[in-house]
Each structure stands twice: as structure tokens, then as C-alpha cells.
Amino acid sequence: MTVESTTARTPRRSTRSKTGATGTKTAGAGSRAGTRKSSGTKKSADPELVQLLTPEGKRVKNAEYDKYVAGITAEELRGLYRDMVLTRRFDSEATSLQRQGELGLWASLLGQEAAQIGSGRALRDDDYVFPTYREHGVAWCRGVDPVNLLGMFRGVNNGGWDPNSNNFHLYTIVIGSQTLHATGYAMGVAKDGADSAVIAYFGDGASSQGDVNEAFTYSAVYNAPVVFFCQNNQWAISEPTEKQTRVPLYQRARGFGFPGVRVDGNDVLACLAVTRWALERARGGEGPTLVEAYTYRMGAHTTSDDPTRYRSEEERLAWEAKDPILRLRRHLETAHRTDETFFANVEAESEALGRRVREAVRAMPDPDGFAIFEHVYADGHALVDEERAQFAAYQASFADAEGV
Amino acid sequence: MTVESTTARTPRRSTRSKTGATGTKTAGAGSRAGTRKSSGTKKSADPELVQLLTPEGKRVKNAEYDKYVAGITAEELRGLYRDMVLTRRFDSEATSLQRQGELGLWASLLGQEAAQIGSGRALRDDDYVFPTYREHGVAWCRGVDPVNLLGMFRGVNNGGWDPNSNNFHLYTIVIGSQTLHATGYAMGVAKDGADSAVIAYFGDGASSQGDVNEAFTYSAVYNAPVVFFCQNNQWAISEPTEKQTRVPLYQRARGFGFPGVRVDGNDVLACLAVTRWALERARGGEGPTLVEAYTYRMGAHTTSDDPTRYRSEEERLAWEAKDPILRLRRHLETAHRTDETFFANVEAESEALGRRVREAVRAMPDPDGFAIFEHVYADGHALVDEERAQFAAYQASFADAEGV
Amino acid sequence: MAAEKMALAKAINESLRRALESDPKVLIMGEDVGKLGGVFRVTDGLYKDFGEERVIDTPLAESGIIGTAIGLALRGYRPVAEIQFDGFVFPAYDQIVTQLAKMHARALGKVKLPVVVRIPYGGGIGAVEHHSESPEALFAHVAGLKIVSPSNASDAYWMLQQAIQSDDPVIFFEPKRRYWDKGEVNTEAIPGPLHKARVVREGTDLTLVAYGPMVKLCQEVADAAAEEGKSLEVVDLRSVSPLDFDTIQASVEKTRRLVVVHEAPVFFGTGAEIAARITERCFYHLEAPVLRVGGYHAPYPPARLEETYLPDLDRVLDAVDRSLAY
Amino acid sequence: MAAEKMALAKAINESLRRALESDPKVLIMGEDVGKLGGVFRVTDGLYKDFGEERVIDTPLAESGIIGTAIGLALRGYRPVAEIQFDGFVFPAYDQIVTQLAKMHARALGKVKLPVVVRIPYGGGIGAVEHHSESPEALFAHVAGLKIVSPSNASDAYWMLQQAIQSDDPVIFFEPKRRYWDKGEVNTEAIPGPLHKARVVREGTDLTLVAYGPMVKLCQEVADAAAEEGKSLEVVDLRSVSPLDFDTIQASVEKTRRLVVVHEAPVFFGTGAEIAARITERCFYHLEAPVLRVGGYHAPYPPARLEETYLPDLDRVLDAVDRSLAY
Ligand SMILES: Cc1ncc(C[n+]2csc(CCOP(=O)(O)OP(=O)(O)O)c2C)c(N)n1
Ligand SMILES: Cc1ncc(C[n+]2csc(CCOP(=O)(O)OP(=O)(O)O)c2C)c(N)n1
Ligand SMILES: [Mg+2]
Ligand SMILES: [Mg+2]
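Residues numbered from 1 in each chain as written. Chains lettered and ligands numbered in written order. Predicted model: local features only at pLDDT ≥ 70, side-chain atom pairs only at ≥ 80, totals over all residues. Heavy atoms only, no water.

Each helix and strand in chain A was counted, giving 12 helices and 8 strands. By the burial criterion, 64% of the 404 residues in chain A qualify as buried. Within chain A, counting contacts between residues at least 6 apart in sequence, those at least 24 apart form 76% of the total. Of the roughly 13,200 Å² of accessible surface on chain A, 52% is carried by carbon and sulfur atoms. (Helix = DSSP H or I, 4+ residues; strand = E, 2+ residues; numbered from the N terminus. Buried < 20%, exposed > 50% of the residue type's maximum accessible area, 1.4 Å probe, protein only. Contact = heavy atoms within 4.5 Å. Areas by Shrake-Rupley, 256 points an atom, 1.4 Å probe, with all protein chains shown as cover.)

Here is the structure:
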């Protein structure tokens, strides 16, 4: 479980009571029912979009969110850079491993590193994460060994880690389901009087699912400390976001009585700041928040997908110019005099990670046939026992036949 | 199928193409994405609420909606009054019939007459209605014989009318399901190039269902000509609206990209006006609208319910002062010099209706046992045939045994 | 109290109360379970005594009920979720089948979901559509779930205690038409295993197998048959998943004839699984094929037809006669 | 074209094309069925040729797909809705079970819902969770639905034509691991009834019954058994609801032994219903109990275990041997 991610994590359940919490009231605190209006002080091109770093790596001021990253050091920024590079390296390694037949499938996060690292690094150890199947960067931040993420894509399990060791739930494939689990978990956090927060990831496509909207209702009614983090990567397999909504997704929250905000999902700093704001709201007893990270799925939906059938190369190129890693690198170079050595070191480190992952995956054994019957029930089930026994006898019959 | 409702209806499918439609652009036309802002010109106490008649029956001006009822005559107003009184009379007769054991259950609309008659009378013959189980007043406007509504409550069928004879779909009990049917139907209307509209009724409780929110998504994405008419009667059985939402329900629509408006659901004129506006939007190709009719379920949820367990008598009394029928009566008396004869006639007519319904229900025969096997499939099914035959043989065996 | 006569619904109420008292992690949730005490008053008084943090009125959204119950269970709670009526469980079906049932296996045992889903089920109460169905087979086919249904007050009390204590998700089907039937409940008795069937009447000529609302009927059938000199054994299954084939088998090896009775449609119903497996286990013992009495392949009919639709004394006796005629 | 060899997926594509061409009321709808042509390319080219008014990419919400399909059908359309994978049908389960299945009966026949729900199902393609399941039993138990599953390209083509023409809702289960298997399709042949089983291989010693992906396996089993001198009859059911018991019965009266094979879990599966009914119909003919080969009572396992999990030549042969040993 030990990994190379920047901060070693010791997940735990916070029992700190809310009374003791700092619970800073945020700028958005008053706007319980409405959406945060885009403030005129924002410098980004799109008035709706919270941006702190331009694609060119220039830091722009934001009256509302600057304070959430006010004290950030160059070291921390370099940490975010490292997180993103290593995550991308891991991701591309997994893509290669799929091509080599080591994995059955891979869902790449290429292009979404800033959204995931920014939000992931905003979390506290005792917060709890409910991912989709693409949150490799968030998993990284939680200290989940990347190798563990590959089990389900290799086909050796359906989820290879203990959710409670890193407060990082299993990947969920049924679109949207996890948003309700997150909401329930958050209701439990509130019941416990803890000041932890919960974050639920989901995609632009998922926003259409009934479950996601029910999660909005439940979280609003119970004022659950949950952040809904929607990575709008513009596509749900082949369908553009216009097939899911005719208005920007962050606006959905208003109708359920909590704020929604759209953040530049390729700007790791903005994602960090906005997620921190949303998490503080949760901790402070202000209930749910929707964050729409406006980003782009630069690769295929999965290794099974062929995006050339439904989208143009120009679109991808336009987004490449907004690359989250490049952006932070430019910023580090110009604003923080980060030299080549640092970048080279991260590069070397990422190569090592790639190697380690490759080797670990190749060494991953196939599960034993009896695994089929394991953990179907916690307390056992007569039929499973019977079938296991039949299976054993059947297996043994071959051994007998082969004269073993 | 002939009934006493004011306008004889000849439902049909409009094939009139949109190009030929009048499609008046409405005041709200521009606000595609946002909710209609409550206008300062409104005279009602609650700035959110569209009201044209005060509880005292005084007509108040409304800059946005007056035009939808501009030409309304005293005769038409009296028609609405008659509709409401007869609907209420029918409803109370059904409640009595349940007490007498003639019905197994009854879901009373008491208090919701204005919401239903106002919206129901806004419809054109070729429009299509998807009700819940409580839209007896809307059924009335569509010309469905009230007796037909009682079949399912008596337990002789699960829906006693042909939806296409009155463009009034069957009652739907599974909360929220019908909103998707309405949306699909409206998508079909649009495909046909017709300028009909569809209206989907649902309750405040239903707003929490995934299906209802999916209907919002689908209708917005396909710009379907559907009006979502939510009767917020303050209660979902024993749960107050706060258990479903923490902001006014009409605001839900904004987040899906279409307008929502709250109308005084006890004001038949306002309901008529607002629904007309919403229907015109649909016909004019502007897509869905959410109307929240703010009203009150004055009776129990159903005859099985005991509201004294969860709500106060004061609450009911406060709403009684806003009674929709009383309000229009006051208005008719003061503004339209309607005399006692009219009211007496309506009263007499309503007594006759009660009598007719009572007699018709008592005469309603139990279905034949073989009905179990009817209409399970349109094209037949071998197993149903087999079971029907077995059933016949089994029935016959008694006849044999009894020596018939 | 130790032993007391009470209605089945009251027994469930008492069992929930005991669970709430003895384990602070137990929660009750569902539509109208709070102030109203449930549409059948099964949760009556619990909201008053345990408050809204323990007895939770939920929004009107079943997927949300089960989905948030899963989340609460992941946080360490033991939710007892109510689905108001059988026919309204389907919006939650996805969460039950793809999440609740599979999470423990998906996590390789690392998480447990001790969630109980209470569903009043079955017909015979003259209700409108969707209020009288018996969907248990639609859950039994799904691995990861346990399905039980008590037939009497004592079982209702104890089986619910056991279901709540179980670390597996349990669908607890309550025979709503037996809610008002009274029975002795000994709250100090030590119950047998949750998933074990019980021979409620011994007999030698034929075995009747049933669960939930049909057990009482089968006992009446046995009475009626006894008057004709036929000795029927009646087995109350209590559990639909797992099914206690051992108990059925033992009975059938003795009586050599089996009739399975349930309200749910016969086609792909519980009777099919029992017939298939018992025929395999008792191939040389059976004097007649396993016969099934249950619902027809048709939607549950309107109330005025349910007497015709539901298995009754005559229909079961007819099957008994047919079996004995082999 | 009259007769042509094509892959099963292509046959479905051609069948959809024909339906779109011949009836303007036919619509295709689902996630990614448009521009992409579906994740399996089953709807490839249809969007291009028929446009977005006929071939509709829907929002990512399955309840919405079926719910709006119902509405479209009420308006006179004949929607063919795709559920992307077996495991994702459950969010739509409520609309299918409580609305699609019951509307015709609810309306006393006054409305018809000619909706086809296409579901690629079954395992064997090395996919991740929820992409390899066989949920047919969960639909067969529900009256009002018809359930079919073709095993070869020709049936895929014709059965889909018939499903679309049917005035009843049909769940059309496509054996995804056979999508690439080629077979002769004669687009002018006049097909037999949709719900009739077909004896695809005659034999005298034992009957194998299967449908969808398992038919090919059973034919291979029959080949293997033939080498050992055993003559197996293979019945391709084609339809799961209704089940063609007559054809099975006729076969079993001849062979006196029956093994049912499906990928879905055995417990409460199709095999149970067949075993129960055929044992009743053929009680005096059967030399052995009906045996079932299918999935275990466990979630569909991760890909590296599916070979172990799925019925294969050896497991079916083992059942054949056990049956013959009676
Ligand atoms: C309930 C359900 N329906 C369909 C699918 C198939 N599917 C997998 S991913 C996907 C698109 C998801 O899009 P989005 O939510 O935007 O997330 P992204 O993949 O872009 O990260 C679909 C349709 C699924 N996994 N679950
Ligand atoms: C899916 C579903 N869940 C639960 C129920 C039981 N039920 C019937 S009516 C009702 C409350 C509905 O409230 P609302 O939507 O506000 O409509 P109203 O009855 O107030 O008109 C409930 C919970 C149902 N019919 N369907
Ligand atoms: Mg996406
Ligand atoms: Mg209500």
C-alpha cells in the first residue's frame, strides 16, 4: 500500500466534533439557494469559469478563491506538478499495458490530471472519496498504490483495495451509483458529529442519471457534507455534453438549493482552491456543493473506444493547448524559477514508476478458481457452500482422471 | 363517455404543422436557460407566486400573465366555477362511496380544484395529459366520464378508460413514471411536426424521484413540447415538502435549462393563465416548462390515511381561508354580479352528478375471472393460453362437482 | 416482557425497537416511517422515542433510500430501510442488484453491508395496483442477497433481529395480509438459525412447502385434508435465499410427494427452483412430479379479482389431489 | 441480396436498417447508438443514413430511455431501444417491469407498446464488471414481456424483424460473444414463429436445451459426445418467454434425458422453470432428473476467472455423463 505519492496518508475517521472545527465561513456561505454569480473581478476569458492560472501559466487574481491557495509555496506547487506528471506517466503505462495484452481495458485520465490532483490534494486524510472508474489521479493523492487500480482492468478482481485503508472507495462502473453512496456516507459523517467531508466524483454523462439527481435531493434535504465533483470532460463516450444538458452543468445545483461553480478543470490551482472552498462549506455545516471541473478527455473513452468516429482532431488540438501539466510547468518556470533539474528528476521518477507498475502488473497472478465462491456473503450461504463443494469435486475429478 | 363537463371534447392528434401555428412568443420566451424572475409589478403577497385572484376574490394585475386571460368572459369564469364545484362534488361522493365500502380506496383532490381546472381548461383537444392518480379535475376537463375514474379505486380494473379517446392517459401509481412517458410522447409530437403540447402532472413528493429529473433532462435536451405541472400540495402522505427540497420546487427547472414558475394553485385564473403561457411555449418550439402550483391537500392523502398523526388542524384551517372555490365565487359575486340562481343551479347539477355517480358505481359489475388472462399480451403468449385453459378446466370441475 | 401475544406488525415494531435500543448504529429509514409510523404503523412510536436522527423520513425516491443506506452502512451504520410496498421496490432495483448485493464481493470482503430492506409484500388486502405483488424471485436469483419471509409474529420478531445482526444485506419480506394476525412472541427465547426451514405440521402423505402469507393457508389445507384422511406435512421455508433444501428433502423422502405454494407467479418462481432441485435430490423417492400452486403469468389483478387469482384452499387441495393421483 | 454470409452483429444491423426503411415509425434509441454506431457497431451507419430524428443518441439515463420509449410508443412510434450492456439495464428495470410490461393490461388492451429493448448480454469477452451478465430470468418472471435470444446470424436478423413487428414489448437479448460469428442470412426466407424452439441437431440419447450463446457450445458438446458414441439432441430455445415446452417435451419423450445449459446463474434461472415443467409433463418418461448447467450463485467473476465460471465443454459433458449414469 505504500506509494510514491507526495504525502503519506493515514486515513482515519475523524471524530473531531463540529463544535471544535474551524469552519471558516466562506464567500459563498450566504448564497444557500442560488448559484454563485460569476464575479466581475475574475480575469479569465469565460466569465463563468474560475481560473487562477491561464493556459500560458500566468497567475490571475480571483477575489473569491485566491484565499484558498493564498499560502501555497513553490514547493507545494512542485508537488502538484509531480503528482500530475506521475499520474500521467502511470496512465500512459497502463494504456501500453493494455496494448500489450496485460490489461483487458483501460480508462485513461489523460487531460484530467489537474481536476483530479487539484481536488484530490484539497482533501484531508479523514475525508472520504467515492470515485468513478477514471479517478487514478485522486487515487494517487489518497495514497492508493497505482498497481492496485489495475486489478479490475486486468480482470483479476473487481476492485483491488480496501476502501477504508485510504478512505478511497472502490471504483464504480454503474454510472452515478456512487453519488448516493457518498451522500449516505456523508449523512453518517454528520450523524457522527465529525467534521470530515465526502467527495463524489462523476462525469458529465452521469449528470443525467436519476441517481445523481436523487443524490442532489438527499444531500440538500439532509444538508450532508458532500462535494459533488463533476469532471465535465466534454464527452460521455461518443456523446457531447449537449446530449446531457442544454445549460452549463454547474447550474444544476441551484435548482436543488445548493451552490454550483464551474472551475477550469485544467488549472490545478483553481481546482485546489475551489475544492477547498467546497470542502470547507461541507465541514462548516453548509451542506453540499457542486463543482463542475471543465476539462477534456484527451484520449479515447477507454482503450476499446475509437474517438475518430465522433470528434474532430482540431478539437483535441485546441484542448492540448490548455494542457494542465504544461500550464503548471510554465508557471513554475516563470513564476517560481524552477529549473530543469527538478523537471528531469520528476521525469526520472516517473520512468521508475512506469517500470515498477509494468513489472508489478506482469507479476500479478490470476486468481484461483475458488475465488468465485469467496466473499459472496459475509456470513455464508448454504448454496454457495454446496456449489463450492461441487466445484471442488469436479476439479478433483480431472486430477483423478489425470492420475495425479 | 359523454359527460357533463362544460366543453364537449373531440380529442384528436393534431397534424397541423408548426409552421402554420400561431406560436405567439411569450414574455418568458427569451429566458431559455434561467428561471423567470419574479416581476416587481406583481401584486400578490408572496413575490414568487403568480396570483390573479386574491383569496378574497379580488382581481390583481399581473404584467406578465394578464394577457393570457385578457379576453375571459364572465360566462367562462362561471364555467370554471361550475367545473370546480362539480369536481369537488364528485370527489366527495367518491369519498362517501369508499366509506360505504363501494370503493376500496379514494385519493381526494379536495383543495386542488383550481390547480386542476385552471390547467385542464388551458389545454387544447389535441394536447395530451399524463396524470398521477389524483387528477380527477383534469379528467373532468378532458371529458372523461368520472365514473370511469372509479374503476381502479373500486378494484374492478387498473384503469378504466381508453387514453386515446380523450387524450388523457391512465392514472399512474408508481410515483413519477408518467413524466418520462409524457416526455417521450412530446418527443413524438415534435417528430410529427405537430403543434400539440403535452402536460405531465406530478406531486411535490414526486419531484425527488430520479425519473422526474430524467424527464427534465430528456425534455430539455430534445426541447420537447411538454409542461411539467407540479401540484405542490405541501404533503407527500405524511412528509412535508421540506423532506423533498430545501428551495421552492419551481426553481428546480432552472438547473435543467428551462423556466419554472410558481403559481397560486388555489387561484383558478392564475393557473389557467400560467398554463396557457407554458403551453404556448411548448407549441412555439421553446420546449419544456415547469409550473409549480402552490396548493394544499385539504383532505387525507387517501381514505386510508390519518393526517391528524402528522399535521395540525390550524394548518388546514389556514388553507381553508384560501379555498379555490370560495375565492372564485366571491369574485363572481363582486366583479361579475353573478346571482344566487346560478350558484343554486350548479349546486343542483352537482347533486345530480353525485347521484348519477353513486348509482353507476353501485351497478358496476365485478369482472369475470377470465379477465385475469385478458390483455396480458397483445399478440398472445403460449403460457397465458395454457393457464387460461387450466383455469377453465379447474372452474369447470366445480361446476361438474356441483352437478351443473 | 418475555412471552406475549401480539400482532405480526407489532412484533416487527417491537423488534425494531429492540434493535434501536441495543445498537446505536441501527437506523430506520424510508418514506413515512417517522411521524406517521409507516402506512401500516409498523414503525409506530419509534420516531417519537428515538428521534429523527435514528428514524428517518426520506425523500420520495427509492433508489435514494437504498443508495444512501449503502453509504450509511459503509460509514458503519446498520440501516433498516423500508420500501413502502412491494411494487415500489423497482426504482431501487439497480442499487440493490448492482451495488448492495455485490459490494462485499467487489471489495474482496473488505467492506460489509449490513442493510436490511423491509418490504411489505403480497396480496389479499384489496389494494390498488402495485400494492399486492410478490417479487421475491426477482431477488433470489441475485447472489449476494439473502431473502427471508416470516409467517408468524414470533418469527417476524426474531428473524428481523437476526437480519439486522447479519453482516449481509437481507431482504425482509413481510406478509402484509398477516400483519394483524396475532401470535405468541417470546422475546427471551433463543431462536434457531435464520435460514432454516421449519416443519410446522408433521404428515406422511404429502409435503406442502410455503413461506410468508401462504403458510397459514397450507396449515388450513392440511386441516381440511386431514378431514378427508390425508396426512399432510407442512414446511415453513422462512428463507427463500438460501433455500433449506435439506429440510424439504428430508420431508419429501418421507412423504414422496411435494406441492409448493406461493403467491408469486409460478413461471420462474420459487417453486421452479424447489421443483428442480428436489427432483434432482429425490429422483427415486418422488411418486409424483413436484406440483406448484401460485400466481398466473399475468399482472396482479385488480382487487375484485384477487380471490380468484390467489392460491386458496381449493386450489391447493386440487394440487394435493392431483399429486396423490399419480 | 437474398442469402449472404454475415456476422451476427451485422445481421442485426441489417435488420434494423430494413425496419427503418420499411416503417417510418421505427426509431433506434440509446446511448452512443448514433454517430458512434454503438459500442459494438451494431447500429453502424444508421445515423448517417436515417438522421438524428430516427437514430437517437439519448442522455446517459436508462430509465429515461425506456420511459421515453414508452411515451413514443404511445404516440404511435415503434422504438427499438438499446441498453448498452446487460449490467446497465437495472436503472430501467422499474420502467420495464411496472410500466412497459403492464401498460397493455392496465389499459384493458386499449394501448399497445411495441417497444423492443435490445440488450447485448452474456460473458466470454473478457470485459470488466457489469458487462457479462445474463439477467433474462429477471425479466421472464414478469408477465407482459416477451424474451427472446437468437443464437445465430439468421435468427438475429429475422427474430429482430419479428420483435419489431410485434405489438408486445420484447426484450431482445443479443449474445455478444457471438457478435462476430458468421452465418448465412437469407433476407427473403419466410421465418417461422418467433417463439418456437428449433431442434438444431437430432439425437436419441439425451436432449440438450440452450439459447443464445450456449447453443453453439451445446452443438460442440454433441460433436464431442458423438465421438464417444452418444447421440445428443440439441434444442435452440430461441425464446425464453414464452418457453416452447412442446418442443422440449417432444424431444424428451424421445430421449428421456434432459440437460439445460445457460450462462445465467442456475438458482432461480431458466433451467429451473424448464426442469419443473418438463418433469411435470414427462414424469413417466424421464430416466434421470433434469440437470442444469449454468452460473454459480456468485457475482459474475472478473475476466480472468470467467473461463472457470462459464459453462464449457467439460462441464456440460460432465452433466451429460451424470444424466446418462442414472
Ligand atoms: C448505468 C450505466 N449505463 C451505461 C454505462 C456505459 N458507460 C460507461 S462510461 C459511459 C460514459 C460516461 O460518461 P461520463 O459520465 O461523462 O464519464 P467519463 O467516461 O467521460 O469520465 C457509459 C455510457 C455504464 N457504465 N453504466
Ligand atoms: C415509486 C413509489 N413509491 C412510493 C409510493 C407510495 N406513495 C403513494 S402516493 C405517495 C406520496 C406522493 O406525494 P406527492 O408526489 O406529493 O403527491 P400527492 O399524493 O401529494 O398528490 C407515496 C409515497 C408510490 N406510489 N410509488
Ligand atoms: Mg465525460
Ligand atoms: Mg403532495
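Next comes the rest of the account.
Each angle at a metal carrying four tetrahedral donors should ideally be 109.5 degrees, and each at a metal carrying six octahedral donors should ideally be 90 or 180 degrees. Residue and element names in this part refer to chain B. The protein atoms that coordinate the magnesium ion (ligand 4) are Asp-204 (OD), Asn-233 (OD1) and Trp-235 (O), at distances of 2.1 Å. Donor residues for the magnesium ion (ligand 4) sit on one chain with the sequence pattern D-x28-N-x1-W. Trp-235 shares its class with Asn-233; the two are buried. (Donors = N, O, S within 2.8 Å, 3.2 Å for Na, K, Ca; no water.)

If you check UniProt for "domain: Transketolase-like pyrimidine-binding" (unreviewed entry), the listed places come out as residues 6-181 of chain C in our numbering. Within the segment residues 6-181 of chain C, helix and strand shares are 35% and 17% respectively, and the terminal C-alpha atoms sit 8 Å apart. (UniProt positions renumbered as here; feature names shortened; annotations may be inferred.)

Residues and elements named next belong to chain C. Among the residues of helix H9 (residues 245-255), those classed as buried are Phe-245, Thr-247, Ile-248, Gln-249, Ser-251, Val-252 and Thr-255. Those residues of H9 that are buried are in contact with strand S9 (198-201), strand S10 (206-210), strand S11 (232-236), strand S13 (258-265) and helix H10 (270-281). Positive backbone phi, approximately 70°, marks Arg-256, located one or two places after H9.

For the rest of this paragraph, the subject is the sheet that holds strand S6 (residues 146-148) of chain C. Residues and elements named next belong to chain C. Within the open sheet, the 7 strands sit side by side as S3-S2-S4-S5-S7-S6-S12. Their pairing is mixed. The outermost strands of the open sheet, each flanked by one partner alone, are strand S3 (55-57) and strand S12 (239-241). Here the average twist between neighbouring strands, direction ignored, is 20°. Contacting strand S2 (26-30), strand S4 (78-82), strand S5 (116-121), S6 and strand S7 (170-175), helix H7 (residues 153-165) runs over the sheet at an angle of about 165° to S7. (Pairing = 2+ DSSP bridges. Axes fitted to C-alpha atoms, helices over the stretch in contact; angles between N-to-C directions.)

Right, let's get into the sheet that holds strand S4 (residues 226-232) of chain A. All names here are of chain A. Strands sit in the order S1-S7-S8-S4-S3-S2 across an open sheet of 6 strands; the sheet is parallel. Of all the strands in the sheet, just strand S1 (49-50) and strand S2 (128-130) have a single pairing partner and so form its edges. Summarising the sheet, S1 and strand S7 (residues 260-264) pair through 2 bridges and their orientation is parallel. Its bridge partner being in S7, Leu-49 is matched across the sheet by Arg-262.

Residue and element names in this part refer to chain A. Around the magnesium ion (ligand 3), the protein contributes the donor atoms Asp-204 (OD), Asn-233 (OD1) and Trp-235 (O), at 2.0 to 2.1 Å from the metal centre. For the magnesium ion (ligand 3), the donor residues sit on a single chain with the sequence spacing D-x28-N-x1-W. Of this pair, Asp-204 sits in the loop between strand S3 (198-203) and helix H7 (210-221) while Asn-233 sits in the loop between S4 and strand S5 (235-236), placing them 29 residues apart in sequence.

Moving on, we get to the site of ligand 2. The full set close to ligand 2 counts 20 residues, and Tyr133(B), Arg134(B), Asp204(B), Trp235(B) and Glu62(C) are the nearest of them. Of the chains in the model, those with residues near ligand 2 are chains B and C. At a separation of 2.8 Å, an oxygen atom of ligand 2 approaches a polar side-chain atom of Asp204(B). Gly205(B) places a main-chain nitrogen or oxygen 2.8 Å from an oxygen atom of ligand 2. In isolation ligand 2 exposes 580 Å². Once the protein is present, 95% of that is buried. (Near = heavy atom within 4 Å. Polar contact = N/O pair within 3.5 Å; in protein donor to acceptor, adjacent residues only side chain to side chain.)

Turning our attention to the interface of chain D and chain C. Contact residues are listed per partner, giving 53 residues for chain D and 53 residues for chain C. If you sort the residues of chain D by the area they bury against chain C, His141(D), Phe267(D) and Phe268(D) come out on top, with a joint share of 19%. At the boundary of chain D with chain C, the tally comes to 6 salt bridges. Between Glu133(D) and Lys102(C) there is a salt bridge; the shortest N-O distance is 3.6 Å. Counting across the chain D and chain C interface gives 12 residue pairs in polar contact (both at pLDDT 80 or more). (Buried area = accessible area lost by both parts, 1.4 Å probe. Salt bridge = Lys/Arg side-chain N within 4 Å of Asp/Glu carboxyl O.)

Turning next to the relation of the copies chain D and chain C. Structural alignment of chain D on chain C gives an RMSD of 0.0 Å, achieved by rotating through 180° and translating 0.0 Å along the axis. The superposition operator between the copies reduces to a two-fold rotation axis. Here 100% of the contact residues of chain D are again contact residues in chain C; the copies associate through an equivalent surface. (Least-squares fit on C-alpha atoms with pLDDT ≥ 70 in both.)

Lining the immediate environment of ligand 1, one finds 20 residues, of which Tyr133(A), Arg134(A), Ile173(A), Asp204(A) and Glu62(D) sit closest. Ligand 1 is flanked by residues contributed from chains A and D. One nitrogen or oxygen atom from the main chain of Gly205(A) is found 2.8 Å from an oxygen atom belonging to ligand 1. Here Glu62(D) contributes a side-chain N or O atom positioned 2.5 Å from a nitrogen atom of ligand 1.

The next subject is the domain arrangement of chain C. All names here are of chain C. Examined at the domain level, chain C breaks down into domain 1 (3-186) and domain 2 (198-324). On a C-alpha basis, the centres of domain 1 and domain 2 stand 26 Å from each other. Listed by partner, the interface residues are 27 residues for domain 1 and 24 residues for domain 2. Summing both partners gives a buried area of about 1,800 Å² for domain 1 against domain 2, and 48% of it is carried by carbon and sulfur. There are 4 salt bridges connecting domain 1 and domain 2. A salt bridge links Lys-216 to Asp-181, with the shortest nitrogen-to-oxygen separation between them at 3.0 Å. The tally of links between domain 1 and domain 2 comes to 16 residue pairs in polar contact (both at pLDDT 80 or more). Residue contributions to the side of domain 1 that touches domain 2 peak at 3 residues, all from S6. Tallied by class, residues from the side of domain 1 that touches domain 2 come to 11 nonpolar, 9 polar and 7 charged. (Domains from an automatic or database assignment. Nonpolar A, V, L, I, M, F, W, Y, C, P; charged D, E, K, R; others polar.)

Geometrically, a packed helix pair is captured by the angle between its two axes and the distance between the axes. Residues and elements named next belong to chain C. Contact geometry of H9 with H10 gives a least axis separation of 10 Å together with a crossing angle of 60°. By the angle between their axes, H9 is oblique relative to H10. Taken as a pair, H9 and H10 cross one another with a handedness that is right-handed. Residues Phe-245, Asp-246, Ile-248, Gln-249 and Val-252 of H9 lie in contact with H10, whose contacting residues are Glu-273, Ile-274, Arg-277, Ile-278 and Arg-281. Its residues placed into classes, the contact of H9 with H10 shows 5 nonpolar, 1 polar and 4 charged. (Parallel < 35°, antiparallel > 145°, perpendicular 65-115°, else oblique. Left-handed = near helix turned anticlockwise from the far one by under 90°.)

We now examine the environment of Val260(C). Residues and elements named next belong to chain C. Here Val-260 is to be found in strand S13. The class for Val-260 is buried, based on a relative accessible area of 1%. For the pair Val-260 and Ile-274, spaced 14 residues apart in sequence, the C-alpha separation works out to 7.8 Å. Those residues in contact with Val-260 that sit more than four places away from it in its chain are Val-209, Gly-271, Ile-274, Val-290, Leu-291, Arg-292 and Val-293.

Right, let's get into the state of the cysteines. Summed over all chains, the structure comprises 0 disulfides over all chains. Not part of a disulfide, Cys230(B) finds its nearest cysteine sulfur in Cys271(B), a span of 12 Å. Owing to a relative accessible area of 2%, Cys230(B) belongs among the buried residues under this scheme. Cysteine Cys218(D) is unpaired, with the sulfur of Cys282(D) as its nearest cysteine sulfur at 18 Å. A relative accessible area of 0% places Cys218(D) in the buried class. (Disulfide = S-S within 2.5 Å.)

On to the pattern of salt bridges. Scanning all chains against the criterion turns up 119 salt bridges over all chains. Here the salt bridges do not stand alone but share partners, grouping Glu386(A), Asp246(C), Glu273(C), Arg277(C), Arg281(C) and Arg292(D) into one network.

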